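Residues per chain are reported as follows:
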Amino acid sequence: FTPASYDYDVETTVLFKSVPTTNNTFLGIGGRATSTTAASGYIAWVARDSGVWEIQLAKYGGAALREVAISTPSVNDSIQLKLIMRGNVLKVNWNGSTVITHLVDTSDAGKYISSVGRATLYMDGVTSHISDSTGLHVDDYTVTDGAAVNTTGTLAVDNDDLWFNVEDGTGHPR
């Protein structure tokens, strides 16, 4: 799915069927992704990193641009996660409130992405999602085009559209 402009929103509900206790557990959404290689697209994710839970904004393949600590989720908690991209302004909403606002330097080609790219779903270290009763789950995945917010349509998604990061020896999603 490719939106009409590079100004669009991606959002989802993250449901904690259980609360992972291992570090490097990430589940999130992204946009402006042009490939499955490093340095492509922005990602907003719920992460357990260094023993704490955070909402992070990152450029795929790079360190977090911004991060905000959150309370450790409980079983059956639902977190509304939304990534808003408007030019070089990136925002992350958590449960309806803006928790991260980041202004990307347009002269920094290593961090600024001006292509439309694609909307994405990202999982890393989330191995328990295969079970209906454990791990982190995604619900109500939505992409809203900022240039044409009043249009409707159908988005067909197959396995090739999802970025599922498994150990393939290269660290790249497939």
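Reading the values: the criteria
- Residues numbered from 1 in each chain as written.
- Predicted model: local features only at pLDDT ≥ 70, side-chain atom pairs only at ≥ 80, totals over all residues.
- Heavy atoms only, no water.
- Pairing = 2+ DSSP bridges.
- Helix = DSSP H or I, 4+ residues; strand = E, 2+ residues; numbered from the N terminus.
- Axes fitted to C-alpha atoms, helices over the stretch in contact; angles between N-to-C directions.
- Core = buried A, V, L, I, M, F, W, Y, C linked by side-chain atoms within 4.5 Å.
- Buried < 20%, exposed > 50% of the residue type's maximum accessible area, 1.4 Å probe, protein only.
- Contact = heavy atoms within 4.5 Å.

*Asks:* I'd like a rundown of the sheet that holds strand S6 (residues 78-86), residues and numbers included.
*Replies:* Ordered in space as S8-S7-S6-S1-S10, the five strands form an open sheet in which the pairing is antiparallel. Across the chains shown, the open sheet's two edge strands, defined by having one partner strand only, are strand S8 (97-103) and strand S10 (136-145). Across this sheet, the average inter-strand angle for adjacent strands is 15°, counted without regard to direction. Alignment of strand S1 (residues 8-16) against S6, held across eight bridges, turns out to be antiparallel. Residue pairing across strands places Leu-15 opposite Ser-78, the latter belonging to S6.

*Asks:* Residues and numbers for the nonpolar core, please.
*Replies:* Among the nonpolar cores identified, the biggest contains 29 residues, and Tyr-42, Val-46, Leu-83 and Val-92 are the most heavily contacted of them. Listed by contribution, the elements that provide at least two residues to this core are S1, strand S2 (25-33), strand S3 (42-49), strand S4 (52-59), S6, strand S7 (89-94), strand S9 (118-124) and S10. Non-local contacts of Val-46, meaning those with residues more than four positions away in its chain, are made with Val-14, Phe-16, Thr-25, Phe-26, Leu-27, Trp-53, Glu-54, Ile-55, Ile-70 and Leu-81. Core analysis: the second largest hydrophobic core is formed by seven residues, Trp-45, Ala-47, Ala-58 and Tyr-122 among them.

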